[in-house]
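Observations on the model geometry
Each chain, written out:
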Amino acid sequence: MNWGLIIPELYYLAVCGLLLVLSMVVKPNPRRDLVAVVYLAALGVVVCLASVRMEGTLFAAAYRVDLFSQVFKVLLAVGFLLVLSLCTELNGIDDRLRLEFYLLLTTCTVAMMLLVSSAELLTIYVALELSSYSLYLLVPLRRGHDVAVEAGIKYLLSLRCGPYD
Amino acid sequence: MTFHGLIFYGLAAVILGATLAAVTRRNLVHAVVYLIISFFGTAAVYYLLGAPFLGILEVIIYAGAIMVLFLFIIMMLRVERQAEYRFSLGQWLPAAILGLMFLVLVALLVSTDPGAGAGLTAATVSPRVFGRFLFQRYWLAVEIVSFLLLIVLIGALVLGRAPARRPTGGTEGDP
Amino acid sequence: MIVPYGHVLLLAGALFALGLVCAVARRNLVMVLLGVEIMLNAAGIAFVGAALRWQQLEGQIFVLFIMALAAAEVSVGLALIVRAYRRTGSIDQTTYDLLKW
């Protein structure tokens with residue numbers, strides 16, 4: 001199997017793993033965390049741009065890498081970088097939860113990259129669910145506002161009973 | 001009507017009856033227990049339709065883990081005190097009409113489909129064949145689902161944490 | 001032959017309609033989640049019937065993944081309900097009106 005074909009996803013998965021470990025171990029420091037994650041996201045954009053010309057299929061034809069999917073991965077990486085650079089001021093999210101916030105955003109990006117490249121119905125469904133769940137968990141993270149929890153419940157239940165059931 | 005057909009219709013009656021009872025209970029614990037019965041019926045249907053591994057998984061995961069989680073939460077929150085006291089007609093009637101319309105449409109769709117009359121020939125899939133097929137063709141989906149379960153674990157931990165003592169976004173709240 | 005394939009689909013459809021009524025008409029949030037579980041189960045029955053009808057294994061694989069995702073969804077949904085109960089003290093849908101006009 002040609003692992004070079006999935007370098008963008010592997011990179012963002014490594015970022016997820018790093019954020020997961022750091023969120024448990026490190027003392028939260030909002031400014032330093034944001035700067036680190038923005039640098040990681042910028043490096044991710046570079047990785048995606050470098051792998052634009054790759055082509056191939058993996059995982060028994062369930063995963064297809066071609067120009068279409070790689071261009072969308074570049075767009076997703078740029079979008080992730082832009083969203084992160086907007087996160088300078090997160091009201092209502094505990095400092096302890098900032099790294100989980102970034103982790104959930106990164107997971108959503110990974111899931112959408114997997115979605116763009118998948119060529120099988122089951123893989124598409126599962127990648128879509130992964131991106132949706134990371135956003136369902138992101139909505140109620142703000143403490144101190146009742147609207148957040150209520151919005152989270154309504155988001156989860158109405159979007160579960162909607163497109164998928 | 002073969003013997004297997006009779007078994008199927010009996011199981012279908014159990015499933016639908018138990019689910020109907022579950023939907024109309026006011027006491028939440030009763031509803032969950034009726035639903036457990038319904039899921040046992042579904043597991044038997046899976047076994048009948050040639051998926052014994054899925055039947056066992058239905059008992060273990062659905063009836064055994066998901067419904068037990070429901071019971072934990074219901075009993076933890078002591079929700080029985082908040083059982084709905086009256087089912088007003090305005091609450092039930094639109095939903096019942098919608099459900100009935102849906103059922104009629106499904107019945108029409110199924111009865112006018114020429115392929116729906118095809119009989120199901122009995123066949124069984126052994127767990128070995130199932131597992132081999134799963135990991136040869138759908139390995140990536142398994143990995144993605146395992147990552148999803150990790151993310152949901154993190155999310156459930158973060159969301160379910162007890163609120164911090166100090167109302168101003170305290171720093172030392174204990175889980 | 002066990003049953004005609006249409007009968008399996010009818011069973012799945014009836015179960016789905018019951019789950020839909022439960023999810024829509026109950027005021028208790030836990031019952032709404034139960035309705036969603038019933039609907040997912042009904043879809044599973046339809047998939048297993050289809051796998052037997054066309055003698056292909058993909059249908060059963062799909063049911064496996066639907067079960068895993070149902071478990072994940074229940075965890076998230078119940079965590080949210082617990083959080084909402086701790087904040088507001090009730091899990092009756094009609095008391096959540098902060099997002100209304």
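Read on for a plain summary of the structure. Because the structure is a prediction, the values reported are computed rather than measured. (Residues numbered from 1 in each chain as written. Chains lettered and ligands numbered in written order. Predicted model: local features only at pLDDT ≥ 70, side-chain atom pairs only at ≥ 80, totals over all residues.)

Quick notes on the environment of I73 of chain B
You can see I73 of chain B is positioned in helix 3 (residues 52–77). When the C-alpha atoms of I73 of chain B and G10 of chain B are compared, they prove to be 32 Å apart, with 63 residues separating the residues in sequence. Setting aside residues no more than four positions away along its own chain, I73 of chain B makes contact with L78, I81 and V82 of chain C. (Helix = DSSP H or I, 4+ residues; strand = E, 2+ residues; numbered from the N terminus. Contact = placed C-beta atoms within 7 Å.)

Topic: helix 4 (residues 98–117) of chain A
With 20 residues, helix 4 of chain A should cover 28 Å at 1.5 Å per step; its first-to-last C-alpha distance of 29 Å lies within 8% of that length. Helix 4 of chain A sits mainly inside the fold: 19 of its 20 residues count as buried. (Expected span 1.5 Å × (residues − 1). Buried ≥ 20, exposed ≤ 12 C-beta atoms within 10 Å, placed from the backbone.)

So, the interface of chain A and chain C
The accessible area lost on association of the parts is a frequent measure of interface size. Counting residues at the interface gives 20 residues for chain A, matched by 23 residues for chain C. Elements with a minimum of two residues in the side of chain A that touches chain C: helix 5 (121–138) and helix 6 (146–164) of chain A. Counted by class, the side of chain A that touches chain C contains 13 nonpolar, 1 polar and 6 charged residues. (Nonpolar A, V, L, I, M, F, W, Y, C, P; charged D, E, K, R; others polar.)

A short note on the nonpolar core
If you look at the biggest cluster of nonpolar residues, it comprises 138 residues, and the most contacted ones within it are I144 of chain B together with L15, V30, V48, F65, V76 and I81 of chain C. At 18 residues, helix 3 (residues 58–88) of chain C tops the list of elements feeding residues into this core. Shared between two domains, this core takes at least three residues from each, and those domains are domain 1 (1–84) and domain 2 (126–162) of chain B. In contact with V76 of chain C, other than residues within four places in its own chain, are Y133, Y136, L137 and L156 of chain A together with V152, G155 and A156 of chain B. (Core = buried A, V, L, I, M, F, W, Y, C linked by C-beta atoms within 7 Å. Domains from an automatic or database assignment.)

Considering unusual backbone geometry
Residue and element names in this part refer to chain C. Phi at Q55 takes a positive value of approximately 55 degrees, unusual for a residue other than glycine. Looking at the element boundaries, Q55 is found in the loop between helix 2 (29–53) and helix 3. For Q55, a count of 11 C-beta atoms within 10 Å corresponds to the exposed category.

Details of the packing of helix 6 (residues 139–159) of chain B against helix 3 of chain C
Axes are the key here: two packed helices are described by the angle between their axes and the distance separating the axes. Relative orientation of the contacting elements helix 6 of chain B and helix 3 of chain C amounts to 10 degrees, with a least axis distance of 9 Å. The orientation of helix 6 of chain B with respect to helix 3 of chain C, classified from their angle, is roughly parallel. Together, A141, V145, L148, L149, V152, G155, A156 and L159 of chain B of helix 6 of chain B and F65, A68, A72, S75, V76, A79, L80 and R83 of chain C of helix 3 of chain C make up the contact between the two elements. In the contact of helix 6 of chain B with helix 3 of chain C, the residues fall into 13 nonpolar, 2 polar and 1 charged. (Axes fitted to C-alpha atoms, helices over the stretch in contact; angles between N-to-C directions. Parallel < 35°, antiparallel > 145°, perpendicular 65-115°, else oblique.)

Some remarks on the interface of chain C and chain B
Listed per partner, the contact involves 58 residues of chain C and 71 residues of chain B. At the level of elements, helix 1 (5–25), helix 2 and helix 3 of chain C are the ones that each hand at least two residues to the side of chain C that touches chain B. Sort the elements by how many residues they give to the side of chain C that touches chain B and helix 3 of chain C lands first, with 21 residues. Tallied by class, residues from the side of chain C that touches chain B come to 43 nonpolar, 9 polar and 6 charged.

Geometry only, nothing functional implied.
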